Amino acid sequence: MALAREALAARTETANGWLQGTPPGRTVRRVIDGLIEIELVDRSMTLAARIFTSVLPVMIAASTLSSWNVTASTIKTQFGFDPTELTSGDVDTTNPSFAAFGVVGLLMIAISGTSFARALARIYGKIWNVPSINLRDAWRWLVVLFAVALSGTAIGLASELTNVRFIGPPLAVAGEFAVWMAVWTLSPYLLTIGTLKGRVLWATGMLTAAALTVLHVGGRLVLPRITAAAQHQFGPLGLVFTAISWLFVLSVVIVGSAVIVKAIALDEGYVGRYLRGPDAAASEQAAESLTENDGPHHE
């Protein structure tokens, strides 16, 4: 209903200037306004910091408990360094006390790591004008945290499809796209408490997944060299600088994709009506009727 009312308000905007004179122009204007309103740079930097301090520790802790297999390989492929080198070689991961400590540590990391999901929920709440999650629905934060963290392992598994003869590389890219789409369709659904449904969710997932897949493919080509140069110049801090910078770019994609889908969903043309769906169309008609009936009455 909220999206339907916003779509109705978008149709009644005053057509001033080139960007406001046509439906596509108004959509572009809404994208620009949305990026400014959400404070794209600040929000993306906050989200990148949360990924670095919340999601990566979960990935590393889980990888430690599983002998640094697929997730470690994914980090090495993407950033150009081996995370196993960050641990001492004499650590016995088969020791029961280590396993117990690892499980407890992973649980504590996960609880503190919900700051990432909370930050993402605030971003979605501001974009889509939905209420914040309360403690009763706190499980949604944990699900989103683990979904994003485990996506690294899933992408590592998908990258192994490159070994398939002839069709390996495109199959691996398609697998990565599928993983990202699942994660970034599920995350806004959970963090908006089911307010967003159907086509808007799928569109958000598809746009985010497409952009992240392209970035990831490009990152495999340039990030290892950038990481090596930064590490040579700044030492271990170079790894941190590179990781934060790259996570910022990924965060810009995540936030920007949601803003773009919101702007397109408010379009008065076919695409906007399709994304809003038949239920939203009925709500818009009801909103129009209420608007007309609320007008001045003359005896």
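I will try to describe carefully the structure that is included in this document. (Residues numbered from 1 in each chain as written. Predicted model: local features only at pLDDT ≥ 70, side-chain atom pairs only at ≥ 80, totals over all residues. Heavy atoms only, no water.)

Helix and strand counts for the chain stand at 11 helices and 0 strands. Put simply, the chain runs from its N terminus to its C terminus through helices and strands in the order α-α-α-α-α-α-α-α-α-α-α. A total of 299 residues make up the chain; the buried ones form 44% of that total. Considering only residue pairs separated by 6 or more positions, the chain has 76% of its internal contacts joining residues 24 or more positions apart. Total accessible area on the chain stands at roughly 15800 Å², and carbon and sulfur atoms take up 66% of it. (Helix = DSSP H or I, 4+ residues; strand = E, 2+ residues; numbered from the N terminus. Buried < 20%, exposed > 50% of the residue type's maximum accessible area, 1.4 Å probe, protein only. Contact = heavy atoms within 4.5 Å. Areas by Shrake-Rupley, 256 points an atom, 1.4 Å probe, with all protein chains shown as cover.)

Where a protein is soluble and globular, its nonpolar side chains tend to be buried together. Counting residues in each nonpolar core, the largest one holds 51 residues, and the members touching the most others are Leu 47, Phe 116, Leu 120, Trp 128 and Trp 184. Elements represented by at least two residues in this core include exactly helix H4 (40-65), helix H6 (96-128), helix H7 (139-159), helix H8 (168-191), helix H9 (198-234) and helix H10 (236-265). Here this core takes 10 residues from H10, the largest share from any one element. Those residues in contact with Leu 47, other than ones at most four positions away along the chain, are Phe 116, Ala 119, Leu 120, Ile 123, Ser 251, Ile 254 and Val 255. (Core = buried A, V, L, I, M, F, W, Y, C linked by side-chain atoms within 4.5 Å.)

Here helix H3 (residues 23-37) contains 15 residues, and its C-alpha end-to-end distance of 20 Å stays within 8% of the 21 Å for a straight helix at 1.5 Å per residue. For H3, every residue scored as buried is listed here: Gly 25, Arg 26, Thr 27, Arg 30, Val 31 and Gly 34. Glu 39, located one to two residues past H3, shows a positive phi value of around 60 degrees. (Expected span 1.5 Å × (residues − 1).)

On to the packing of aromatic side chains, then. Pairs of aromatic rings are described using the distance from one ring centre to the other and the angle between the two planes. One pass over the structure, following the stated rule, counts 2 aromatic pairs. With a centroid separation of 6.2 Å and 25 degrees between ring planes, the pair formed by Tyr 270 and Tyr 274 is classed as stacked. One end of the pair is Tyr 270 and the other is Tyr 274, both in helix H11 (residues 270-293) and 4 residues apart, which spans about a single turn. A cation over a ring is seen here: Arg 118 above Trp 141, with NZ or CZ 5.7 Å from the ring centre. (Phe/Tyr/Trp six-rings, centres within 6.5 Å; stacked < 30°, edge-to-face > 60°. Lys NZ or Arg CZ within 6 Å of the ring centre and 35° of its normal.)

Residue placement: Glu 176 occurs in helix H8. At 2.4 Å, the side chain of Glu 176 and the side chain of His 216 are in polar contact. Once residues lying within four places of it in the same chain are set aside, the contact partners of Glu 176 are Ile 155, Ala 158, Leu 212, Thr 213, His 216 and Arg 220. (Polar contact = N/O pair within 3.5 Å; in protein donor to acceptor, adjacent residues only side chain to side chain.)

A contiguous nonpolar patch, built from Trp 139, Val 143, Leu 186 and Tyr 189 and spanning about 350 Å² of accessible area, is present on the exposed surface. Contributing elements (two or more residues each) for the nonpolar patch: H7 and H8. By secondary structure assignment, the location of Tyr 189 is in helix H8. A relative accessible area of 37% means that Tyr 189 is categorised as partly exposed. (Patch = residues over 30% accessible without salt bridge, like charges linked within 9 Å, V, L, I, M, F, W, Y side chains within 5 Å. Salt bridge = Lys/Arg side-chain N within 4 Å of Asp/Glu carboxyl O.)

For the rest of this paragraph, the subject is the pattern of salt bridges. Summed over the entire model, instances satisfying the criterion amount to 2 salt bridges. Between Arg 29 and Asp 33 there is a salt bridge, and its shortest N-O distance comes to 3.1 Å. Taken together, the residues span about one helical turn, with Arg 29 and Asp 33 both in helix H3 at a distance of 4 residues. Judged by relative accessible area, which is 34%, Asp 33 ranks as partly exposed. Residues Arg 140 and Asp 137 are paired through a salt bridge, measuring 3.8 Å at the closest nitrogen-oxygen approach. For the residue pair Arg 140 and Asp 137, the accessibility class agrees, reading buried in each case.

Take unusual backbone geometry next. You will see that Glu 39, though not glycine, has its phi angle at about 60 degrees, which is positive. Note on placement: Glu 39 falls in the loop between H3 and H4. Judged by its relative accessible area of 43%, Glu 39 falls in the partly exposed class.

This part takes up the packing of H9 against H10. Between H9 and H10, the least distance of the axes is 9 Å, while the angle of their chain directions is 160 degrees. Here H9 lies roughly antiparallel to H10, going by the angle between them. The two elements H9 and H10 meet at a crossing, and its hand is right-handed. By residue class, the composition of the contact of H9 with H10 is 23 nonpolar, 8 polar and no charged. (Axes fitted to C-alpha atoms, helices over the stretch in contact; angles between N-to-C directions. Parallel < 35°, antiparallel > 145°, perpendicular 65-115°, else oblique. Left-handed = near helix turned anticlockwise from the far one by under 90°. Nonpolar A, V, L, I, M, F, W, Y, C, P; charged D, E, K, R; others polar.)

Take it as geometry only, folks, not as evidence of what the structure does.
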